[in-house]
Amino acid sequence: MCEDHRQAPSRKADKDGYILSGKLFCGKCGESMTAGGGTGRDGKRYDYYTCNGRRVLHKCDMKSVPKKETEDIIVKALYDVIFDDEFIESVADYFIEWQTEDDDAHTLQGLRDRVKDIEKRIGNLTASLEIYEAPSVVKRIQELEQERKDVQNGIDQFTKFNPTFTREQIVWFLKSFREGDINDSRWRNYLVKSFLNRAYIYEDGHIILHLNVSGEEKKIDVRGLDIGSNSEGSAPPNRSNLNIIFRYGEVFVVIQ
């Protein structure tokens with residue numbers, strides 16, 4: 001993901017793109033909120049997310065929500081979460097624990113143990129050559145050398161497609177998001193894709209964000225969206241209005 005971000009710094013996301021597409025859901029009926037909009041009587045363009053249960057299935061009366069204001073609030077909530085060092089450290093700890101317990105990690109360790117065993121056997125056979133030279137011992141050493149090479153190739157291929165990360169690398173990756181510009185459309189899209197699993201929005205403007213940064217879901221409780229307002233251009237909430245509260249297994253962010 002970092003590489004993709006670095007490779008195309010000049011590529012800009014569509015300024016009218018709906019970055020929450022596929023991630024925003026109606027808190028009332030559970031259906032997805034899809035892109036919509038139109039031109040008002042004043043000739044101004046208005047963009048929304050509209051409940052699919054209302055638009056297509058006609059089973060819900062959830063109001064449409066203004067695109068920019070909704071995206072601003074969600075992006076700002078994610079932005080403030082990644083600036084919390086306690087959150088970053090907890091995610092890094094969880095990832096390292098998961099990586100250690102992962103089946104692939106056990107497979108890789110098995111291959112490395114195999115290399116050590118082969119090297120030990122080669123060492124024993126080499127030592128025996130100092131006592132007596134036998135063609136069979138030389139041949140066996142050659143066979144083990146080839147086996148070691150084959151196993152090492154397997155390790156190289158495995159680590160290429162199943163990289164192992166250090167805790168420092170994970171912390172660096174998460175903190176690298178802090179360098180982004182919250183007003184840059186491509187960075188906003190990158191942030192949402194990386195951290196947001198899904199979001200549920202309710203009639204009172206209450207939003208529940210589900211993060212995908214760990215095995216156990218972390219939730220963010222966001223308030224502050226005025227669904228009754230159809231206007232665009234409202235500013236994102238100030239950082240001073242955001243409270244982050246940690247509990248075991250959950251993160252609550254409340255915008256008041």
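Residues numbered from 1 in each chain as written. Predicted model: local features only at pLDDT ≥ 70, side-chain atom pairs only at ≥ 80, totals over all residues. Heavy atoms only, no water.

A. Region of the structure containing the pairing of strand β5 (residues 196–201). As defined by bridge partners, strand β1 (residues 24–26) adjoins β5 across three bridges and the pair is classed as parallel. Across the sheet, the residue bridging to Cys26 is Ile201, located in β5. Hairpin connection from β5 to strand β6 (residues 207–211): five residues lie between these consecutive antiparallel strands, with Gly205 at a positive phi of about 85°. (Pairing = 2+ DSSP bridges. Helix = DSSP H or I, 4+ residues; strand = E, 2+ residues; numbered from the N terminus.)

B. Fine view of the pairing of β6. In terms of residue burial, β6 counts as a mostly covered element, since five of its five residues are buried. Of the two faces of β6, the one carrying Ile207, Leu209 and Leu211 and the one carrying Ile208 and His210 are both buried. Where β5 lies against β6, five bridges are found, and the strand directions are antiparallel. Pairing of Ala199 across the sheet is with Leu209, part of β6. Examined bridge by bridge, β6 and strand β7 (residues 218–222) share five bridges and lie antiparallel to one another. Bridge pairing in β7 links His210 to Lys219. (Buried < 20%, exposed > 50% of the residue type's maximum accessible area, 1.4 Å probe, protein only.)

C. Representation of the packing of aromatic side chains within the structure. Counted according to the given criterion, the structure contains eight aromatic pairs. Aromatic side chains Phe173 and Phe177 sit 5.4 Å apart centroid to centroid with 80° between the ring planes, which places their arrangement in the edge-to-face category. Note on Phe173: relative accessible area 23%, which makes it partly exposed. When the ring of Phe177 is compared with that of Tyr190, the centres are 5.2 Å apart and the planes differ by 25°; the resulting orientation is stacked. (Phe/Tyr/Trp six-rings, centres within 6.5 Å; stacked < 30°, edge-to-face > 60°.)

D. View of the sheet that holds strand β3 (residues 45–51). With antiparallel pairing, three strands are arranged side by side in an open sheet as β2-β3-β4. The sheet is open, and its two borders are formed by β2 (33–39) and β4 (65–66), each paired with just one other strand. In terms of strand pairing, β2 meets β3 through seven bridges, oriented antiparallel. Residue Ala35 lies in a different strand from β3, and its bridge partner there is Tyr49.

E. The arrangement of unusual backbone geometry in detail. One non-glycine residue, His58, lies in positive phi territory at about 55°. Note that His58 resides in the loop between α2 (52–55) and β4.

F. Highlighting the nonpolar core. In terms of nonpolar packing, the biggest core is built from 42 residues, with Leu24, Ile74, Leu78, Ile207 and Leu209 touching the most fellow members. Broken down by element, this core gets its largest block of residues, seven residues, from helix α3 (residues 67–81). Non-local contacts of Leu24, meaning those with residues more than four positions away in its chain, are made with Ser32, Met33, Tyr49, Val65, Thr70, Ile74, Ala199 and Ile201. If you look at the next biggest cluster of nonpolar residues, it comprises nine residues, including Ile118, Ala134, Ile141 and Ile155. (Core = buried A, V, L, I, M, F, W, Y, C linked by side-chain atoms within 4.5 Å. Contact = heavy atoms within 4.5 Å.)

G. Main features of the pattern of salt bridges. One pass over the structure, following the stated rule, counts 17 salt bridges. Ionic pairing is found between Lys28 and Glu203, a salt bridge with its closest N-O pair at 3.0 Å. On the criterion of sequence distance, the pair formed by Lys28 in the loop between β1 and β2 and Glu203 in the loop between β5 and β6 is long-range, its members being 175 residues apart. Relative accessible area serves as the criterion here: at 42%, Lys28 is assigned to the partly exposed category. Looking at Glu203, the relative accessible area reads 49%, which means it is partly exposed. (Salt bridge = Lys/Arg side-chain N within 4 Å of Asp/Glu carboxyl O.)

H. Layout of α3. In this model α3 runs 21 Å from its N-terminal to its C-terminal C-alpha over 15 residues, within 8% of the 21 Å that 1.5 Å per residue would give. Of all the 15 residues making up α3, 14 are buried; the element is thus mostly covered by neighbouring parts of the structure. (Expected span 1.5 Å × (residues − 1).)

I. Representation of the sheet that holds β7 within the structure. One open sheet accounts for four strands, arranged β1-β5-β6-β7; its pairing is mixed. Looking at the sheet topology across the chains shown, the edges are occupied by β1 and β7. Averaged over all neighbouring strand pairs, the angle between strand axes comes to 20°, with direction disregarded. Relative to the sheet, α3 contacts β1, β5, β6 and β7, its axis offset from that of β6 by approximately 45°. Sitting on the sheet, helix α8 (residues 185–195) touches β5 and β6, and the angle it makes with β5 is about 95°. (Axes fitted to C-alpha atoms, helices over the stretch in contact; angles between N-to-C directions.)

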